[in-house]
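Each chain, letter by letter, is given below.
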Amino acid sequence: MRVLWTTIAALSAVSPAYAQVAFDNIFNDHAVLQRDTPVKVWGTANAGAPVTVNLNGTDVTVTANSKGQWTVTLPATKAGGPHTIKATSGATTTTLNDVVMGDVWLCSGQSNMEFQTRYATNAYNEIQNSANPDIRFVTVERDAKALPLDALPKRLEWRAASPESTGDTSAVCYFMAKELQKTQNVPIGMIHSSWGGTTIQSWMSEPALRDLKTYDQGLEALKTYSRDEAKAKTAWQTIMLDWWNTNEPDAKTKATWATRDFNDSGWDTITANGFWESAGKPELTYFDGVIWYRTTVTLTAAQAKQAAVVELGPVDDGDTTFVNGKVVGTTESWNAPRTYAIPAGTLRAGKNVIAVRAYDSGGGGGLWGKPQDRRIAFPDGSGVTLPAQWKYKVSAPLNALKNSPSTPWLATSGLTNLYNGMIAPIAPYTLKGAAWYQGESNVSQPAEYARLLPALIKDWRRAFDAPDLPFLVVQLANFGPVAKVPTQSAWAELREAQRQTVNADPNTGLAVAIDFGDRVDIHPTQKTVVGQRLALAARKVAYGEAVVSGGPQPVKVIRTGADIVITFDNALKTYSSAQAIGFEVCDAAKTCRFTTADVSGTQVTLKAAYTPDAKFVRYAWADAPYVNLYSDQDLPAIPFEEAIP
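Here is a short report on the structure shown in this document. (Residues numbered from 1 in each chain as written. Predicted model: local features only at pLDDT ≥ 70, side-chain atom pairs only at ≥ 80, totals over all residues. Heavy atoms only, no water.)

## Some thoughts on the overall build of the chain
Along the backbone of the chain there are 13 helices and 36 strands. Overall size of the chain, expressed as C-alpha extent along the three principal axes, is 85 × 75 × 45 Å. When burial is assessed residue by residue, the chain has 56% of its 645 residues classed as buried. Of the contacts made within the chain by residues no fewer than 6 positions apart, 74% connect residues no fewer than 24 positions apart. Of the charged side chains in the chain, 59 are positive and 62 negative, and the gap between their average positions amounts to 3 Å. (Helix = DSSP H or I, 4+ residues; strand = E, 2+ residues; numbered from the N terminus. Buried < 20%, exposed > 50% of the residue type's maximum accessible area, 1.4 Å probe, protein only. Contact = heavy atoms within 4.5 Å. Lys, Arg positive; Asp, Glu negative; His and termini not counted. Charge placed at Lys NZ, Arg CZ, Asp CG, Glu CD.)

Printed below as a string of structure tokens:
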């Protein structure tokens, strides 16, 4: 499982001088190690040298391998401390001080897990009163790698919760740890390894993605990239253009949108000085998908003869850029400035058209840099500034583009990069469990996420040598437009993928956040409740407590005359109404209608809702649904879709 050391990694692991023995960089003073189970500890020493690790008078001796690596398994130790752990090889001893035994949780995902406590609701009071030596955390620094690291590049700092440190923690992870420390009365350690805006594919290993059989092309390109970046980029541009030509709706017709002679007089105009969501165009306020931009510049004959580049600034999340109908470049990155060489013979005296096919997978989208920085630049330093106003036309919503390939070496949306840089080097740290808050960046691919999430869980259990590792999932919070009528929702579909994954695995738990999101902010600040709900799920899944850990969800759907009756796994109550809102009945084509929902005990009755074409029932099926159905424990009912037998 662990790959060979590179020379750089080996040298960094034994800093500051080439010591004879050192612990791996995840271990440091004030660390928390897992209680009540044998614990793996590893590090480096001289190749072939004996290493003895001592904990509480018990010695474990091992011989470093030919690469200078060693691993020992320390005996199970009860919660508490502080302990001193020593590693000795020859005349050199390295010591870890103030180590405590408790429960260690790995917290990972994208920005809502990375979101710091200092920005959470009521942060000031929480931080000022946070001092607790039994809550400790360590943060893995952002690092994306094409190949797995065997060690972190530098030693990490374990810190106890305090007014000076708590603001730096993952808010969700901190509030979860706080609740667990209170209920379990043992030290809680948090290993935080997150990166905002990232897809799940970046957090998975190569073997895990290979098992899915659909990522081989990208994985092979990533291997090429590790040897020859230029060759990989050229090959991937061809792959991406082929994909667009095959998958963009009406691609052949839309190819004419990039040409000089295309008549764009019917297109709307937009001032491209920020994300298109903030441009004041109602159709773009919540739009994710593909938009084409066009603008025109006039060049002299002398200018048109020169070599030139087009500078666009950043385009979120990806672009294909054309000059007079010819592709000059394609990039996938939300914030990388685009600078593309224009091939000789492309420019013309007089009218020249720059067209940009911009792809946004979520959040802000489009040309968002400073308009004055966009220009055609010439070798002599002169240039022609592009207009701030562009013509634009919507090409396709996100759900019309299925499983678009992502540049495999990108940190945030590539393949394996974050696993390689931020998970592989900390495995197999002995854990109590893992908490995962991610999915916003995969919302365009809910069906694929239904394959990926179980695969990631299996992958991490293998990496951490824990086949039954408890794994907790935060279901995506409400965000986006409010639905006035039943509608298709990729957010709802991804939530359903999360629900089904958890339901299929007895060692997983779900924390529902559908009632504590923010429909205009993808980063809701109320992280306290999310952390507490994760802790509740942990108490059932990881600690075996007889608690109601999740919101109510259906266990049976039946037809009774003209009614549809849904039985839930918990007693129900409603707020602000005698009826539950958000229930829909759908036909086979998923054309749906809202319906009245009466609540009694554990059942919801959809009065007179059955018709011969009724095939499915849905609840809270929207990007940002309003909900009022809860359990007696004040947990919101889980959004769902179920077939009507």
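## Observations concerning the pattern of salt bridges
Any two side chains of opposite charge can pair, on the condition that their charged atoms come close. For the coordinates displayed, the defined rule picks out 31 salt bridges. Across the salt bridge formed by E141 and K154, the nearest N and O atoms sit 3.1 Å from each other. Note that E141 is positioned in the loop between strand 9 (132-139) and strand 10 (159-161) and K154 in the loop between strand 9 and strand 10, a separation of 13 residues in sequence. By relative accessible area, which is 45% here, K154 ends up partly exposed. Here the salt bridges do not stand alone but share partners, grouping E206, R210, D216, E220 and K223 into one network. (Salt bridge = Lys/Arg side-chain N within 4 Å of Asp/Glu carboxyl O.)

## Some remarks on unusual backbone geometry
Each neighbour pair has its own omega, and for G81 with P82 the value is 5°, a cis peptide bond. With respect to the secondary-structure elements, P82 resides in strand 7 (residues 80-89). Of the consecutive residues A427 and P428, the connecting peptide bond is found in the cis state with omega at 10°. Structurally, P428 can be placed in the loop between helix 10 (417-423) and strand 24 (433-437). Backbone geometry at D36 places phi at a positive 60°, although glycine is not the residue there. Along the chain, D36 falls in the loop between strand 2 (32-34) and strand 3 (39-45).

## Side note on the packing of helix 11 (residues 446-463) against helix 12 (residues 490-503)
Relative to each other, helix 11 and helix 12 sit at 30°, their axes nearing to 9 Å. By the angle between their directions, the pair helix 11 and helix 12 is classed as roughly parallel. In this structure, helix 11 meets helix 12 at a crossing whose hand is right-handed. Across the interface between the two elements, P446, Y449, A450, L453, P454 and I457 of helix 11 pack against A490, E493, L494, A497, Q498 and T501 of helix 12. (Axes fitted to C-alpha atoms, helices over the stretch in contact; angles between N-to-C directions. Parallel < 35°, antiparallel > 145°, perpendicular 65-115°, else oblique. Left-handed = near helix turned anticlockwise from the far one by under 90°.)

## With respect to the pairing of strand 24
Within strand 24, 5 of the 5 residues are buried, leaving the element largely enclosed by the surrounding structure. Neither face of strand 24 is exposed, since G433, A435 and Y437 on one face and A434 and W436 on the opposite face are all buried. Pairing of strand 8 (residues 92-109) with strand 24, which is carried by 5 bridges, proceeds in the parallel orientation. Directly across from G109, in strand 24, lies its bridge partner Y437. (Pairing = 2+ DSSP bridges.)

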